[in-house]
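Coordinate inspection notes
So you can see what is in the structure, the chains are spelled out below.
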Amino acid sequence: MDLATKEQFKWKFYRLVVMLNGIILIVAIGFIALFKAPEAYRIPVFLILVFAAALCAFYFWSQYRSTREWLSKQE
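Overview of the structure.

A few points about the pattern of salt bridges
Pairing between side chains of opposite charge can happen when the charged atoms of each approach one another. Under the definition given, this model contains 2 salt bridges. The partner of glutamate 39 in a salt bridge is arginine 42, with the nearest N and O atoms 3.5 Å apart. In this structure glutamate 39 comes out as exposed when scored by relative accessible area, which is 64%. Assessed through its relative accessible area of 26%, arginine 42 is described here as partly exposed.

Rendered as structure tokens:
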């Protein structure tokens, strides 16, 4: 792998790591909201955050697969 390809892979990897950390953070905030939010907002906030995490996870998975395919073509 040449230097430019390594640099491109590094940025693709960093992007995936940040996205995965964001998904984990959204789920964690959802569970905290489930127990600490005001009574009327607990379930809706939890469901919205879990739904947002699921959407982000779907996008993450598609980006992961495309990055994996790109990397296999580089070898």
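Let's talk about helix H2 (residues 42–74)
Between the first and last C-alpha of H2 there are 47 Å, a value that for 33 residues agrees with the 48 Å anticipated at 1.5 Å per step. Every buried residue of H2 is listed here: Phe46, Leu49, Ala53, Phe60, Gln63, Thr67 and Trp70. Where the residues of H2 are buried, they touch helix H1 (3–36).

What counts and what doesn't
- Residues numbered from 1 in each chain as written.
- Predicted model: local features only at pLDDT ≥ 70, side-chain atom pairs only at ≥ 80, totals over all residues.
- Heavy atoms only, no water.
- Salt bridge = Lys/Arg side-chain N within 4 Å of Asp/Glu carboxyl O.
- Buried < 20%, exposed > 50% of the residue type's maximum accessible area, 1.4 Å probe, protein only.
- Helix = DSSP H or I, 4+ residues; strand = E, 2+ residues; numbered from the N terminus.
- Expected span 1.5 Å × (residues − 1).
- Contact = heavy atoms within 4.5 Å.

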